[in-house]
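A look at the structure
Below, each chain spelled out in residue letters.
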Amino acid sequence: MTTELITDLTIRDICKGFVYNELEGKGLFGWEGKLTIQPEYQRNYIYADGKKDVAVIESILKGYPIGILYFNRTLDGRYEVLDGQQRITSFGRFYTNKFAIKVNGIENYFGGLDKVVQEKFLNTKLLIYICEGEEPEIKEWFKTINIAGVKLEEQEMLNAVHSGPFVTLAKAMFSNTLNPMMQKWSTYLSGKPNRQDYLHTALAWVAKDEKKIDAYMSAHRRDTNINELVLYFNDVIAWIDSVFPDIYDEMKGLPWGELYERFHTQPYNPTEIGLKLKELKEDPYINNFKGAFEYVLGNCEDRRLLDVRIFDKATKEKVYNKQTALAKEQHISNCPLCALGHDANRTRIWKLSEMDADHVTAWSKGGATDISNCQMLCQTHNRAKGNK
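This one's a predicted model, so the numbers in the text were calculated from it and none came from an experiment.

Side note on the pattern of salt bridges
Here the structure, examined in full by the defined rule, presents 13 salt bridges. Here R93 and D53 are joined by a salt bridge, their closest N and O atoms 3.6 Å apart. A residue pair is termed long-range when its members are at least 10 positions apart, and R93 in helix α3 (residues 85-95) and D53 in helix α2 (residues 52-61) qualify at 40 residues. Of the two residues, R93 and D53, neither departs from the other in class, the shared state being buried. Residue R87 is joined to D83 by a salt bridge in which the shortest nitrogen-to-oxygen separation is 3.5 Å. According to the relative accessible area criterion, R87 is buried, its value standing at 15%. Given the relative accessible area of 17%, D83 is considered buried. Through salt bridges with shared partners, one network takes in E4, R73 and E132.

Structural data, given as C-alpha cells:
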C-alpha cells in the first residue's frame with residue numbers, strides 16, 4: 001500500500017456537494033462528489049449527540065488540530081474516507097445547518113454566524129493521507145487505524161471485512177434508527193442500532209451461534225438480497241409475540257434466538273403463560289425474573305433460572321432448634337426423613353451445619369419461602385428430595 005500526504009484541501013473543498021442522508025444517519029458524499037464519506041466498511045455516524053459533533057466544530061473554530069484524515073483512492077480515481085468520517089460528517093452537517101453550536105452563550109447555526117467566523121471555518125486546512133492498495137490491504141489498514149479513538153464494535157469490524165451488497169442491505173434495515181420497526185424490536189433487543197447491535201443479534205440468530213456470524217457473512221457477502229436473514233428474524237419476533245401476551249422490561253436482551261431454537265416446536269397456551277408470569281412477577285422470593293421466560297417455556301421445571309430466595313439464617317436456626325428439641329424428647333432423629341427409617345440414622349441428631357433448609361411443599365408446587373413451610377433435613381435427604 002502507498003500513501004501520499006496532501007495539505008491543501010480545506011473544509012470548504014470537502015463541503016462542496018456534501019450530501020447527508022437523514023433517514024440512514026450517514027454522510028454520503030463530499031468534495032464535489034469525488035469523496036464517498038461513508039463507504040460500506042465504515043460504521044454508522046455516531047457523533048450526532050449534541051456533544052461530539054459540537055466538540056468537532058468548536059475545536060475547528062478555536063484553531064485546534066482535528067487530527068489526520070485518511071482517504072482511500074479507488075480504481076476509478078475517486079476517494080473513500082478510510083478514517084475520519086465522523087469528523088467530516090460533523091462539519092458537513094454543521095455547514096448544511098443540521099445542528100447549532102453556542103457562541104457567547106447563544107446557539108448559532110452555520111448560516112447565522114458572522115461572515116468572518118464562517119470564512120475561518122471554511123478555510124481551515126486539513127491534513128490528509130491518500131492511500132492506495134488492494135482491498136485486503138485497505139481493510140487491514142482500516143482495522144489498524146481504528147484501534148485508537150472510539151473503539152469499533154465487533155459487528156462494525158465485521159461489516160468492514162465483509163462489505164458488499166449483503167452488508168449494505170442489512171445495515172439499511174437493522175441499523176436505520178428511523179425504521180418504524182425499531183421501537184417494537186427494542187422491546188426484545190438490547191444495544192444501539194447505529195452501533196450495529198441489532199444487526200449483530202439478527203445475524204447471531206440466523207447463524208445459530210454468535211461465533212458463526214463471521215462465516216455466515218462471508219458466505220453471503222455477494223448476495224443481492226437478505227431474505228433469509230429477514231425471514232428468520234421476523235419468525236423469532238413473531239414467535240415471541242405469539243407466546244407471551246404481555247410485555248416486561250426484563251424481556252430486553254434475552255437470548256431469544258436460542259430460546260426459539262429450543263422451544264418453538266412446542267405448543268403453548270398464551271393465556272396460561274401470561275398468568276404464570278404475572279404470578280412469578282409478584283412473588284417476592286424470586287430474585288431473577290429475567291429467568292422466568294425460559295422457566296415457563298421449559299414447563300416450570302428448572303427453578304435455578306429464577307434464583308429463588310432461600311431461607312435466611314435466623315429462620316434455619318429457629319426451625320433447627322425446634323426440631324432438635326422435639327426429636328430429643330421423642331428419641332428420634334432431628335431429620336424427619338431419617339426418623340422414618342430403620343438404620344442407625346433413625347435416632348441421629350444432626351448438627352446444624354450438617355442440615356439444609358427445605359420447603360415442605362416444594363416452591364415449584366406453590367410452597368412459600370416462609371417459616372411455616374420450612375423444615376430442616378440432613379443434606380443427603382434434602383438432595384434426594386428435590387421437588388418431590
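After presenting the structure, the write-up continues.
Regarding the pairing of strand β6 (residues 79-83)
Most of β6 is tucked away, with five of its five residues classed as buried. When strand β4 (residues 35-36) meets β6, the two strands line up parallel, connected through two bridges. If you follow T36 over to β6, its bridge partner there is E80. Here four bridges tie strand β5 (residues 69-73) to β6, and the two strands are oriented antiparallel to one another. Its bridge partner lying in β6, R73 is registered against Y79. Hairpin connection from β5 to β6: five residues lie between these consecutive antiparallel strands, with G77 at a positive phi of about 85°.

A closer look at the pairing of strand β9 (residues 128-132)
In this structure, strand β1 (residues 2-6) lies alongside β9, joined through five bridges in antiparallel fashion. Bridge assignment links I6 to a residue of β9, and that residue is I128. Where β5 meets β9, four bridges bridge the pair, whose relative direction is parallel. Directly across from L69, in β9, lies its bridge partner I128.

Considerations on unusual backbone geometry
The backbone of Q196 shows a phi angle near 75°, a positive value even though the residue is not glycine. With respect to the element layout, Q196 can be found in the loop between α8 (182-185) and α9 (197-207). Assessed through its relative accessible area of 0%, Q196 is described here as buried. Look at N299: it is not a glycine, yet its phi comes out positive at around 60°. Turning to its location among the elements, N299 is positioned in the loop between α14 (292-297) and α15 (313-330).

Some thoughts on the packing of α2 against α3
Relative orientation of the contacting elements α2 and α3 amounts to 80°, with a least axis distance of 9 Å. On the basis of the axis angle, α2 is roughly perpendicular to α3. The residues of α3 that touch α2, namely those facing D53, V56, I57 and I60, are R87, S90, F91, R93 and F94. Across the contact of α2 with α3, the residue classes break down as five nonpolar, one polar and three charged.

Focus on α15
For α15, spanning 18 residues, the distance from its first C-alpha to its last is 26 Å, which sits close to the expected 26 Å at 1.5 Å a residue. Those residues of α15 that fall on the buried side of the exposure criterion are T315, V319, Y320, Q323, T324 and A327. In an axial view of α15, the angular spread of the buried residues amounts to 150°, which keeps them on one side of the axis. Seen from the open side of α15, the exposed residues pointing more than 90 degrees away from its buried face are A314, K318, K322, K328 and E329. Considering only its buried residues, α15 is in contact with β10 (355-359) and β11 (374-378). Positive backbone phi, at 55°, marks H331, one or two positions downstream of α15.

The rules behind the values
One numbering rule holds for all chains: residues counted from 1, following each sequence as written. The model is predicted, so local features are restricted to residues of pLDDT at least 70 and side-chain atom pairs to those at 80 or more, both for listing and for counting; the totals for chains, interfaces and linings are taken over all residues. Calculation of side-chain values draws on the structure's entire complement of heavy atoms; hydrogens and water are dropped beforehand. Any carboxyl oxygen of Asp or Glu that lies within 4 Å of a side-chain nitrogen of Lys or Arg is treated as forming a salt bridge with it. For helices the rule is a DSSP run of H or I covering at least 4 residues; for strands it is a run of E covering at least 2, with both sets numbered from the N terminus onward. Three labels apply to residues, based on accessible area from a 1.4 Å probe with only protein chains included: buried if under 20% of the type maximum, exposed if over 50%, partly exposed otherwise in between. At least two bridges found by DSSP between two strands is the condition for calling them paired. Working convention: axes come from line fits to C-alpha atoms, limited for helices to the stretch in contact. Angles between N-to-C directions cover 0 to 180 degrees. Put simply, angles under 35 degrees are roughly parallel, angles over 145 are roughly antiparallel, angles from 65 to 115 are roughly perpendicular, and the rest are oblique. The criterion used for residue contact is that any of the two residues' heavy atoms lie within 4.5 Å. Ten residues, namely Ala, Val, Leu, Ile, Met, Phe, Trp, Tyr, Cys and Pro, are considered nonpolar, four, namely Asp, Glu, Lys and Arg, are considered charged, and the remaining ones, Gly among them, are considered polar. Expected helix span is taken as 1.5 Å per residue step, with the number of steps being one fewer than the number of residues. Picture the helix axis, draw a direction to every C-beta atom, and the arc is the one those directions span.

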